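The primary structure of each chain is shown beneath.
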Amino acid sequence: MDTTTETTPLRAVALVCTLSPSPKRSSSQLLAEQTMAALAEHGVTGKVVRVADHDVKPGVEVDMGDGDAWPEIRDTIMDCDVLVLSTPIWLGHPSSVAQRVLERLDAELGESDDEGRMLTYGKAAAVCVVGNEDGAHKVSADLFQGLNDVGFSLAPNAVTYWVGEAMQGTDYQDLDKTPEKTAATTATLAANTAHLARRLKATPYPPST
């Protein structure tokens, strides 16, 4: 095994797609922070961005004009090797904020390097999902498809999640401790995603024809 590749420093950004701006508490933020901590154990540094704290305009362009906060967030994504998308479940779907992030990432379909590859081709993505009802698999499937469409690569088991019992109001952030299965899933996500990101960094995809 190439030990140099295994220790290549990586950067990640987690976009938290809660509907609530800071400083309101957020289960999506908590799981994103735990995922970033797990990634840090694999030499990945970075930051968490709560999208609701920024004026991300609706649209499918790289820059939607005056006051649009997306270009700065996009620059952060482009400077990173890993994108983590963290969302709550609302009415069985990803949040509207997560959908807006995917819509803005749609602009990457029109961006490419000198060899015709999308600028996102060398980046890995992962997903965090929280909610108080079933639906984590459906929500992750929606996000996986969108992220893959706009050029991100996904490692095996690139999602971590927690859902409480149906018809009750406990939030992930209010649990006394992190459930063992969620912690184990987060650790697997981090290990596999860091591994994939390093492989992509060392060996890019072939030129697009």
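Residues numbered from 1 in each chain as written. Predicted model: local features only at pLDDT ≥ 70, side-chain atom pairs only at ≥ 80, totals over all residues. Heavy atoms only, no water.

Participant: How should the nonpolar core be read in this particular structure?
Facilitator: For soluble globular proteins, the rule of thumb is that nonpolar side chains tend to be buried together. Counting 29 residues, the largest nonpolar core has Leu15, Ile77, Leu105 and Leu147 as the members making the most contacts within it. Elements with a contribution of two residues or more to this core: strand 1 (10-16), helix 3 (70-78), strand 3 (82-90), helix 4 (96-105), strand 5 (124-131) and helix 5 (136-149). At 5 residues, the largest contribution of residues to this core is made by helix 4. Sequence-distant contacts of Leu147, that is, excluding residues within four places in its chain, are made with Leu83, Leu85, Leu102, Leu105, Ala125, Val127 and Phe152. Counting residues in hydrophobic clusters, the runner-up holds 23 residues, among them Ala32, Met36, Val130 and Ala194. (Core = buried A, V, L, I, M, F, W, Y, C linked by side-chain atoms within 4.5 Å. Buried < 20%, exposed > 50% of the residue type's maximum accessible area, 1.4 Å probe, protein only. Helix = DSSP H or I, 4+ residues; strand = E, 2+ residues; numbered from the N terminus. Contact = heavy atoms within 4.5 Å.)

Participant: How do you make sense of the pairing of strand 5 when you look at a structure like this?
Facilitator: On a regular strand, one side chain projects to one face of the sheet and the next to the other, so that they alternate. Most of strand 5 sits out of view: 8 of its 8 residues are buried. Neither face of strand 5 is open: one carries Ala124, Ala126, Cys128 and Val130, the other Ala125, Val127, Val129 and Gly131, and all of them are buried. Relative to strand 5, strand 3 is paired through 7 bridges, and the arrangement is parallel. In the sheet register, Ser86 faces strand 5, and the bridge partner there is Cys128. Note that the unit made of strand 5, helix 5 and strand 6 (residues 153-163) has a crossover that is right-handed. (Pairing = 2+ DSSP bridges. Right-handed = clockwise from strand over helix to strand, strands pointing away.)

Participant: Please explain the packing of aromatic side chains as it appears in this structure.
Facilitator: Centre distance and the angle of the planes are the two values used to describe a pair of aromatic rings. Counted according to the given criterion, the structure contains 2 aromatic pairs. Residues Tyr121 and Tyr205 carry aromatic rings whose centres are separated by 5.8 Å and whose planes lie at 75 degrees to one another, so their mutual orientation is edge-to-face. One end of the pair, Tyr121, is in the loop between helix 4 and strand 5; the other, Tyr205, is in the segment after helix 6 (180-202), and 84 residues separate them in sequence. Of the residues examined, Tyr121 reaches a relative accessible area of 28% and is grouped as partly exposed. Ring centres of Trp162 and Tyr172 lie 5.7 Å apart, and the angle between their planes is 45 degrees; this geometry places the pair in the tilted category. Of this pair, Trp162 sits in strand 6 while Tyr172 sits in the loop between strand 6 and helix 6, and the two are 10 residues apart along the sequence. (Phe/Tyr/Trp six-rings, centres within 6.5 Å; stacked < 30°, edge-to-face > 60°.)

Participant: Mind showing me how you'd approach the pattern of salt bridges here?
Facilitator: A side chain of one charge can pair with a side chain of the opposite charge if their charged atoms are brought near each other. Using the criterion set out here, one finds 8 salt bridges in the structure. Among the ionic pairs, Asp113 bridges to Arg117, the shortest N-O distance being 3.0 Å. Accessibility expressed as a relative area gives 14% for Arg117, which makes it buried. With a shortest N-O distance of 2.8 Å, Lys138 and Asp142 are connected by a salt bridge. Residue Lys138 and its partner Asp142 are both found in helix 5; the two are separated by 4 residues, about one turn of the helix. Relative accessible area serves as the criterion here: at 31%, Asp142 is assigned to the partly exposed category. Taken together, the shared-partner salt bridges connect Asp113, Glu115 and Arg117 into one network. (Salt bridge = Lys/Arg side-chain N within 4 Å of Asp/Glu carboxyl O.)

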